[in-house]
Amino acid sequence: MTLENNRNKSLPQKKDKMKSSITAFGECFRSWEPYQKKGSDPNEVRMLDILECWTGELGPAIGLVGIPFDAAVLGRKGAKAGPKKIRDSIRYFKAYSWDLDYWFGDKKVYDFGDIVTEGNSVTEAHENIAEIIRKIAEKGFTTLTLGGDHSIGYPILKGLQNAHKSKKIGLINIDAHLDVREVIDGKITSGTPFRRVLDNNIVNGENFVEIGIRDFTNARTYRHYLEEKGATIFTMNNIRKRGLENIIQEAITIVGRKTDVTYLSIDMDSLDQIYAPGVSAPTPDGLSPHQINQIIHEIVVNTNIIGMDIVELNPLFDTADTTAINAANFLVQFVASIYWKMDKDKTE
Ligand SMILES: [Mn+2]
C-alpha cells in the first residue's frame, strides 16, 4: 500500500490546529493501521496497537514524528524512506518488555505524521522542522523523531530549546562519526549538525557526549574542535577497554552537569555494519543492538530526557529489513523505558 492510498484513509475527525498555523505540517498517514490487529488475541497487545494518530491530545506521552528528508546526506541517498520503513517494522514487536517484566499495552504513542520538507531548501526545511518540533514539545510530549539524514539533529534541538526555553540541554549522540563538520560555502550536510548545535550555544560543549566513534572515519581537525569545546568522545576502543556500563555512567554525569534536560540522538550507522547494512555510511567495528538498547534504557531512566531521534536508516541498501527492524527495536525500547519510568515515578 502506498502513502498516497493511505493519505485519504479515515483521517482524524478533529480539526488539527497545528496544521492551519504551519503549512509544512504533514499528515498522519496511518501507514501502520493495516498491520494492527487490535483484539485478535486478548492475551496480547502488539506494539503497533498502541499507535494512534494525534488528534489534539496533550502530554505527558510520546509524540512520534517522521522527517522523510535526505537532501543534506553526505553518503548514499535514500534515508527519506526511513520513517515509513521504521513504522512498518514496528509490527514485529509486542507492548511487553520481558527484561523489565513491564506491560505497556495500555499506553499510547501519538503519531503526528511526517513533516513535509519536499521542494524546500535545506534551510527552509530545517526551519519547518524546528517549528513543528517546538509545537509538539510545547504540548507536553517527549518527542520521538524518525529520520531522515542526520542534518535534522540541529533543527530538532533548536525546536526543543525554543519549547523548553529556560532549560539547559545535555546531549548524547550515538554515532560512528563526529558530525561536527564545518559548513563550507553555506552547504549544510548530514555531517554538520552538532557543530551548529555547539556554535549556536544550544548545547554547551561540556555537556556533549559522543559514543561509538570509529577509527578511520573522522578528521583530526574535528577531533580537536570537540576537544577545544570540552566535549567528551567515547570511541569503540574506549568501550572495549572500559566496558559500556562504565561509559554510560560517565556520560550520564557529563550531560547532567548544570543542565536540566537531556536529548539523545541515535545514528543507525553506530551499529556494526553486520546489523546495519541499510545506512548512508556503513562501517565495521560498531555497536551491537543490545548495547544500543542498554544505552537508551539507562539514559531514559537516569536523566530528564525530552526526546530522541533515530536517523540515517537507508532502506534502499537494507537486506531483509535488518536495519529497519533494529531501528524499530530502538523505538520500542525508548517507549518501554519512558513509560516504565513514568509508572515507577508514580508509585514512588
Ligand atoms: Mn551521524
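Residues numbered from 1 in each chain as written. Predicted model: local features only at pLDDT ≥ 70, side-chain atom pairs only at ≥ 80, totals over all residues. Heavy atoms only, no water.

A word on the coordination of the manganese ion. The expected angle between donors at a tetrahedral four-coordinate metal is 109.5 degrees. At an octahedral six-coordinate metal it is 90 or 180 degrees. Looking at the manganese ion, the protein donor atoms are H150 (ND1), D175 (OD), D179 (OD) and D267 (OD), and they sit 2.0 to 2.3 Å from it. Here the donor residues of the manganese ion are spaced in sequence according to H-x24-D-x3-D-x87-D. Within this pair, whereas D175 is found in the loop between β7 (169-174) and α6 (193-199), its partner D267 is found in strand β10 (residues 261-267), the two being separated by 92 residues in sequence. The two residues D175 and D267 agree in class, both being buried. (Donors = N, O, S within 2.8 Å, 3.2 Å for Na, K, Ca; no water. Helix = DSSP H or I, 4+ residues; strand = E, 2+ residues; numbered from the N terminus. Buried < 20%, exposed > 50% of the residue type's maximum accessible area, 1.4 Å probe, protein only.)

Any two side chains of opposite charge can pair, on the condition that their charged atoms come close. All told, the structure shown has 17 salt bridges when counted by the stated rule. R134 is the partner of E131 in a salt bridge, and the nearest nitrogen-oxygen pair spans 2.7 Å. Here E131 and its partner R134 are both found in helix α4 (residues 122-138), 3 residues apart, which amounts to about one turn of the helix. Across the pair R242 and E250 runs a salt bridge whose closest N-O atoms are separated by 2.6 Å. The class for E250 is partly exposed, based on a relative accessible area of 30%. (Salt bridge = Lys/Arg side-chain N within 4 Å of Asp/Glu carboxyl O.)

Our next topic: the packing of aromatic side chains. Each aromatic ring pair is specified by the distance between its two centres and by the angle formed by the two planes. Summed over all chains, the structure comprises 5 aromatic pairs. Arranged with centres 4.7 Å apart and planes meeting at 15°, the rings of W54 and F112 form a pair that is stacked. Of this pair, W54 sits in the loop between β1 (51-53) and β2 (61-67) while F112 sits in strand β5 (residues 109-114), and the two are 58 residues apart along the sequence. As far as the burial class goes, W54 and F112 line up, both buried. With 5.9 Å between their ring centres and 75° between their planes, Y110 and F141 make a pair best called edge-to-face. With Y110 in strand β5 and F141 in strand β6 (residues 141-147), this residue pair connects regions lying 31 residues apart in the sequence. Members of the aromatic cluster, joined through ring pairs, are W54, Y110, F112 and F141. Across the ring face of Y225, the terminal group of R195 is positioned such that the distance to the ring centre comes to 3.9 Å. (Phe/Tyr/Trp six-rings, centres within 6.5 Å; stacked < 30°, edge-to-face > 60°. Lys NZ or Arg CZ within 6 Å of the ring centre and 35° of its normal.)

Before going further, it helps to examine the confidence of the model for the chain. Of the residues in the chain, 93% have a pLDDT of 70 or more, and the chain-wide mean is 92. Contacts from residues 1-23, a stretch scored under 50 in pLDDT, to residues over four places away or in other chains number 38 contacts. (pLDDT = per-residue confidence, 0-100. Contact = heavy atoms within 4.5 Å.)

Two quantities define a packed helix pair, namely the angle between the helix axes and the distance between the axes. Two numbers describe how helix α10 (residues 289-302) lies on helix α11 (residues 322-347): the axes approach to 9 Å, and their chain directions differ by 25°. With respect to each other, α10 and α11 are oriented roughly parallel. Here the hand of the crossing between α10 and α11 comes out right-handed. Every residue of α11 that contacts α10 at P289, I292, N293, I296, H297, V300 and V301 is listed here: N326, N329, F330, Q333, F334, S337, I338, W340 and K341. By residue class, the composition of the contact of α10 with α11 is 9 nonpolar, 6 polar and 1 charged. (Axes fitted to C-alpha atoms, helices over the stretch in contact; angles between N-to-C directions. Parallel < 35°, antiparallel > 145°, perpendicular 65-115°, else oblique. Left-handed = near helix turned anticlockwise from the far one by under 90°. Nonpolar A, V, L, I, M, F, W, Y, C, P; charged D, E, K, R; others polar.)

Let's shift gears to helix α5 (residues 153-163). For α5, a buried count of 8 out of 11 residues is recorded, marking the element as mostly surrounded by other parts of the structure. Turning to α5, its buried residues number three or more, namely G153, Y154, P155, I156, L157, G159, L160 and A163.

Here the focus is the environment of V197. Structurally, the position occupied by V197 is in helix α6. The residues contacting V197, other than those within four sequence positions of it, are G153, Y154, L157, L171, I202 and V203.

When the terminal C-alpha atoms of helix α9 (residues 244-256) are compared, their 18 Å separation across 13 residues agrees well with the 18 Å that a helix rising 1.5 Å per residue should span. Regarding α9, the residues found buried are L244, I247, I248, A251, I252, I254 and V255. Buried residues in α9, looked at end-on, bunch into an arc of 165°, giving them a common side. (Expected span 1.5 Å × (residues − 1). Arc of directions from axis to C-beta.)

Pairing in this open sheet of 9 strands is parallel, and the strands run β1-β5-β2-β6-β11-β10-β7-β8-β9 from one edge to the other. Edge positions in the sheet fall to β1 and β9 (232-235), since each has one partner strand and no second. Taking each pair of neighbouring strands and ignoring which way they run, the sheet shows an average axis angle of 20°. Two elements, β7 and β10, share 6 bridges in a ladder whose sense is parallel. Counterpart to I172 in the pairing with β10 is L264. Across the sheet, α4 is in contact with β2, β5 and β6; its angle to β6 comes to roughly 145°. Relative to β7, α5 is tilted by about 160°, and along the sheet it contacts β2, β6, β7, β10 and β11 (305-311). (Pairing = 2+ DSSP bridges.)

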